[in-house]
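# Fold and contact review
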Amino acid sequence: MKLIEAIKWEDVGAVIEVLSSRRDTGVVAPVWLRMVGQELISAEDKGDHWRIVAKKIK
């Protein structure tokens, strides 16, 4: 998942936006972010894709 790659390489405090056409992104991304202690800013279903915005906090 592109979100995992982005969180891994960005600096603490970075805000990351990921657009995904995978239908399970709206469930998987928020759960994963909570598990790894990062901040979910928003998860929006845009109909044909998901828009996930997260902040790296550690």
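Whatever comes next refers back to the structure up there.
These notes cover the structure that comes with them. Nothing here was measured: the structure is a model prediction, and the numbers come from that model. (Residues numbered from 1 in each chain as written. Predicted model: local features only at pLDDT ≥ 70, side-chain atom pairs only at ≥ 80, totals over all residues. Heavy atoms only, no water.)

## Observations concerning the sheet that holds strand β2 (residues 39-45)
Definition in use: What makes two strands pair is DSSP finding at least two bridges between them. Helix and strand assignments come from DSSP, with helices taken as H or I runs of at least 4 residues and strands as E runs of at least 2, each series counted from the N terminus. Each axis is a line fitted through C-alpha atoms, taken for helices only over the stretch in contact, and angles between the N-to-C directions span 0 to 180 degrees. Two residues qualify as a contact provided that any one of their heavy atoms is within 4.5 Å of a heavy atom in the partner residue.
Across the sheet, three strands lie side by side as β1-β3-β2; this open sheet has antiparallel pairing. Edge positions in the sheet fall to β1 (15-20) and β2, since each of these pairs with one other strand and no more. Neighbour-to-neighbour, the strand axes of this sheet turn through a mean angle of 15°, independent of strand direction. In the sheet, β1 pairs with strand β3 (residues 50-55) via six bridges, with the strands oriented antiparallel. Across the sheet, Ile 16 pairs through a bridge with Ala 54, a residue of β3. Each of β1 and β3 is contacted by helix α1 (residues 2-9), which is oriented at about 165° to β1, the strand it contacts most.

## Focus on the pattern of salt bridges
Put simply, the rule reads: A side-chain nitrogen of Lys or Arg and a carboxyl oxygen of Asp or Glu constitute a salt bridge if their distance falls within 4 Å. Buried means the residue's accessible area, taken with a 1.4 Å probe over protein chains only, is under 20% of the maximum for its type, while exposed means over 50%, and partly exposed covers the values in between.
Within the structure shown, the criterion is met by five salt bridges. A salt bridge links Arg 22 to Asp 24; the nearest nitrogen and oxygen atoms lie 2.9 Å apart. A relative accessible area of 47% means that Arg 22 is categorised as partly exposed. Ionic pairing is found between Glu 44 and Lys 46, a salt bridge with its closest N-O pair at 3.3 Å. Residue class for Glu 44 comes out partly exposed when judged on its relative accessible area of 28%. Among the residues examined, Lys 46 registers a relative accessible area of 42% and is labelled partly exposed.

Worth remembering: the numbers are spatial, not functional.
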